[in-house]
Protein chains: 2
Amino acid sequence: MTNKTFVTHEALLALIEEGLNAAVPEAAAPYAHGHPPALLAEAMRYSLLAGGKRLRPALLLRTVEMLGGDLQEALAMACALEMIHTYSLIHDDLPAMDNDDFRRGRPTNHKVYGEGIAILAGDGLLNSAFEGMLCNALRYPERLQRHVAAIEAIARRAGVTGMIGGQCLDLSSEGMGGDESLLSYIHLHKTARLFIAPVVAGGLLCGAESKQLSALEVYGRNVGLAFQIVDDLLDLEGDALAMGKATGADAKLGKLTWPALLGVETARQKVADLRREAFGALECFGDAAKELLGIGDRLTSRKA
Amino acid sequence: MTNKTFVTHEALLALIEEGLNAAVPEAAAPYAHGHPPALLAEAMRYSLLAGGKRLRPALLLRTVEMLGGDLQEALAMACALEMIHTYSLIHDDLPAMDNDDFRRGRPTNHKVYGEGIAILAGDGLLNSAFEGMLCNALRYPERLQRHVAAIEAIARRAGVTGMIGGQCLDLSSEGMGGDESLLSYIHLHKTARLFIAPVVAGGLLCGAESKQLSALEVYGRNVGLAFQIVDDLLDLEGDALAMGKATGADAKLGKLTWPALLGVETARQKVADLRREAFGALECFGDAAKELLGIGDRLTSRKA
């Protein structure tokens, strides 16, 4: 394990971008049966290929690499995670949800294509995520059970007991305040579940033992929760800079966050605790966990 | 085959309703981790358990019955088809799409729960459809390949090269007129693909031969297209009654339909041709096709 070689960050990103580009092909001739309409393919590609850090695909592929699996075999699953993440952003940006006009410096999907097409583009990305994983799984009959277990693990964490459930409570509790148990549900489900999904799915695909799967779940959950708190801390610092005040801006806006609920210092301590627990969980993988540790470190030590 | 016994229509419907009721459980305690929020479960159940003819689940289960498969093993897949159909109706009813206030005599999902929750309820039903099928598939390791092939067949026909693609062209061509090639794409993808999905998936689950799968696809496609034309003819008769005119009302509203494009008589002839071809395709199954023939007959001979 000590002499294990890793794919470079650039090579990994190139692999992911190639996979995403192929996952939603550009349109064929108009009204060609069995092809997506040109407008739909364009709207899906607009959001899917808009850059982004590709964190969730990278987490899955680094887990597979760590466990000695085949990156090409896992690529459809890595891309599916990004498609699920992207569809959730498109729907989340809609006027009936967060009503955002810009994302990553570009107009949001519905500002370009209209709300109706944005809803369908989101639906299309979610459905295509499953199509891609299922079609890929059928290419590996000797490991079909592992593929299905991994796809099921992703589906569950993206669904109503996972990400969609978190989105719902986030939306329905907006501006209403809340307590630790509500905030904990929202962050665990809306954010952390989609960090757990890639590492657990990667583990299942490679036939990891249950002790390893538990370790991966602890890593994913803690990195996800820490990532969310860092995000909220950065928001708060941005607001404070803008308003010339030290803290409390976010809380006044009615947004339920750990810094607003517990104060900035306690929130920072929580990040440190979550990081320590996440990295500790990876010890059982030894030096092979180097790249996963690196991603976890970058995700939870971001500065504004 | 001649003495084959069939489940009664009432027993089949009861089985489907039971499956749907279990597919989206009512909420547990507030903020219980790993459970859907109460509001989300309620919104999903509001639309999923609102009655309806359960055509797509019935088509799948009757196909499985015809081929000697196990109805209990197929139930999750049957329910998934209804969940996919229901999510498409919830999203289709939204103001940005068809903007409908009522469906089946009740307020549409977004009129009761708001647009944001309606979008999430639709997303949740689509995701839960896959969760249910995948989880069920893992219970049958000896027939896993058949399950995955069937789930993939459903996913493809529900996706951007299927139903979602048809929805997109239906939406983007609204009020713009159109020709036969556009109308043919919309009906084949938006409507017929979700009639093909249950019978082909049922066939794949039971290990049907490729000749049988082709016959099932012909049946599903033709019944689906005929169902759509009958629907348009009934709409036209309703409009004509309301306006005291014989024909042409729909065409004036800019809605692209076969009766509007080809005239009522030609459209009726098309229904008769599609029915004949659909029923002819089932001849290879002999008497065992009795129930599928019955569903096809009811679907394509509806009166207002």
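That block above? That's the structure.
Only a predicted model underlies this, so the values are computations on that prediction, with no experimental measurement involved.

What counts and how
- Residues numbered from 1 in each chain as written.
- Chains lettered and ligands numbered in written order.
- Predicted model: local features only at pLDDT ≥ 70, side-chain atom pairs only at ≥ 80, totals over all residues.
- Heavy atoms only, no water.
- Buried < 20%, exposed > 50% of the residue type's maximum accessible area, 1.4 Å probe, protein only.
- Helix = DSSP H or I, 4+ residues; strand = E, 2+ residues; numbered from the N terminus.
- Salt bridge = Lys/Arg side-chain N within 4 Å of Asp/Glu carboxyl O.
- Contact = heavy atoms within 4.5 Å.
- Buried area = accessible area lost by both parts, 1.4 Å probe.
- Polar contact = N/O pair within 3.5 Å; in protein donor to acceptor, adjacent residues only side chain to side chain.
- Nonpolar A, V, L, I, M, F, W, Y, C, P; charged D, E, K, R; others polar.
- Axes fitted to C-alpha atoms, helices over the stretch in contact; angles between N-to-C directions.
- Left-handed = near helix turned anticlockwise from the far one by under 90°.
- Least-squares fit on C-alpha atoms with pLDDT ≥ 70 in both.

Caption draft 1: Examining helix 2 (residues 38-48) of chain B more closely. A large share of helix 2 of chain B lies buried, amounting to eight of its 11 residues. Taken residue by residue, helix 2 of chain B has Leu-40, Ala-41, Ala-43, Met-44, Arg-45, Tyr-46, Ser-47 and Leu-48 of chain B as its buried positions.

Caption draft 2: A look at the pattern of salt bridges. What the rule picks out here adds up to 32 salt bridges over all chains. For Glu-65 of chain A, the salt bridge is made with Arg-62 of chain A, and the minimal N-O distance between the two is 2.8 Å. Of the two residues, Glu-65 of chain A and Arg-62 of chain A both sit in helix 3 (residues 55-66), three residues apart, roughly one turn of that helix. The pair formed by Glu-65 of chain A and Arg-62 of chain A is uniform in burial state, with each residue classed as buried. Here Asp-93 of chain B ties to Arg-103 of chain B by a salt bridge, and the two come within 2.8 Å at their closest N and O atoms. One end of the pair, Asp-93 of chain B, is in helix 4 (residues 71-93); the other, Arg-103 of chain B, is in strand 1 (residues 102-103), with 10 residues separating them in the sequence. The exposure class assigned to Asp-93 of chain B is buried, which follows from its relative accessible area of 3%.

Caption draft 3: Layout of the interface of chain A and chain B. Taken together, the contact pairs 57 residues of chain A with 57 residues of chain B. Counting the surface lost from both chain A and chain B, the interface buries some 4,800 Å², and carbon and sulfur atoms represent 78% of this. Remark: the boundary between chain A and chain B carries zero salt bridges. At the boundary of chain A with chain B, the tally comes to six residue pairs in polar contact (both at pLDDT 80 or more). For the side of chain A that touches chain B, the elements supplying multiple residues, two or more each, are helix 2 (38-48), helix 4 (71-93), helix 6 (115-137), helix 7 (144-158), helix 8 (163-172) and helix 9 (180-205) of chain A. A breakdown of the residues in the side of chain A that touches chain B according to their chemical character gives 33 nonpolar, 17 polar and seven charged.

Caption draft 4: Spatial organisation of the environment of Leu-183 of chain B. Note that Leu-183 of chain B resides in helix 9 (residues 180-205). Apart from the residues lying within four places of it in its own chain, the contact partners of Leu-183 of chain B are Leu-256, Thr-257, Trp-258 and Leu-261 of chain B.

Caption draft 5: Broad picture of the packing of helix 6 of chain A against helix 7 (residues 144-158) of chain B. Two elements in contact, helix 6 of chain A and helix 7 of chain B, have axes separated by 9 Å at closest approach and are oriented at 145°. Crossing of helix 6 of chain A against helix 7 of chain B: the hand is left-handed. Here Asn-127, Glu-131, Leu-134 and Cys-135 of chain A of helix 6 of chain A come into contact with helix 7 of chain B, specifically with Val-148, Ile-151, Glu-152, Ala-155, Arg-156 and Ala-158 of chain B. Among the residues making up the contact of helix 6 of chain A with helix 7 of chain B, the classes are represented as six nonpolar, one polar and three charged.

Caption draft 6: Representation of the relation of the copies chain A and chain B within the structure. With an axial shift of 0.0 Å and an RMSD of 0.0 Å, the rotation relating chain A to chain B amounts to 180°. What the rotation and shift describe, once combined, is the action of a two-fold rotation axis.

Everything listed is a geometric property; what it means functionally is a separate question.
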